[in-house]
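Structure at a glance
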Amino acid sequence: MTVWEKTLINLQKGYGKLMSFTANASERIKAEITIVRLRMQIDALRGTIGDHHRSIGKKLLEMRDTDALPGSFALFFTNSEITAHLEKIERAQKDLEILLDDLRHESDALKAVSVPDEERSA
């Protein structure tokens, strides 16, 4: 085998390793960007839930100050504003669970991409 043939074989091997590395790096970057986006959506939903909790608390204090607070605590939740906020909280919590599931899935995908090809085949 001549020097040029060995050089060509080594260049082909190097090219294959480089392509493998770039494919793994690309997938990892995509997964990390998706995770960051999901975390931002999760934080926004948690903020929304907090806002609704504050609105319910504010309404409770307003009703207490004006002596409009129902005698029974169960009657408090029949107030239309409070009921609307509670429904929005439930929807946001369902969306939050979906996003957390997506985040877990992306995290698992990121772990799979992080494993070198040699370890996967073993």
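None of these values were measured; they are calculated from a predicted model.

Side note on the overall build of the chain
Secondary structure summary: the chain contains 4 helices and 0 strands in total. N-terminal to C-terminal, the α/β element order of the chain is α-α-α-α. Its C-alpha atoms give the chain a radius of gyration of 28 Å, more than 25% over the compact-globule value 14 Å for 122 residues. Considering only C-alpha atoms, the chain reaches an extent of 95 × 25 × 15 Å along its principal axes.

Remarks on the nonpolar core
If you look at the biggest cluster of nonpolar residues, it comprises 17 residues, and the most contacted ones within it are Ile-42 and Leu-96. Sorting the residues of this core by element identifies helix H1 (3-65) and helix H3 (80-114) as the ones contributing at least two each. Among all residues touching Leu-96, those that are not within four sequence positions of it are Ile-42, Leu-45, Arg-46 and Ile-49.

Some words on H1
Counted at 1.5 Å a residue, the expected span for H1 with its 63 residues is 93 Å, and the 92 Å between its end C-alpha atoms agrees. Looking one or two residues beyond H1, the residue adopting positive phi is Asp-67, at roughly 55 degrees.

Observations concerning the pattern of salt bridges
For the coordinates displayed, the defined rule picks out 5 salt bridges. Of the charged contacts, one joins Glu-27 and Lys-30 as a salt bridge, the two residues approaching to 3.8 Å between their closest N and O atoms. Of this pair, Glu-27 and Lys-30 both sit in helix H1, 3 residues apart, roughly one helical turn. We classify Glu-27 as partly exposed; its relative accessible area is 39%. With its nearest N and O atoms 3.0 Å apart, the salt bridge here joins Glu-32 to Arg-28. Taken together, the residues span about one helical turn, with Glu-32 and Arg-28 both in helix H1 at a distance of 4 residues.

Thresholds applied
- Residues numbered from 1 in each chain as written.
- Predicted model: local features only at pLDDT ≥ 70, side-chain atom pairs only at ≥ 80, totals over all residues.
- Heavy atoms only, no water.
- Helix = DSSP H or I, 4+ residues; strand = E, 2+ residues; numbered from the N terminus.
- Rg over C-alpha atoms; globule rule 2.2 N^0.38 Å.
- Core = buried A, V, L, I, M, F, W, Y, C linked by side-chain atoms within 4.5 Å.
- Buried < 20%, exposed > 50% of the residue type's maximum accessible area, 1.4 Å probe, protein only.
- Contact = heavy atoms within 4.5 Å.
- Expected span 1.5 Å × (residues − 1).
- Salt bridge = Lys/Arg side-chain N within 4 Å of Asp/Glu carboxyl O.

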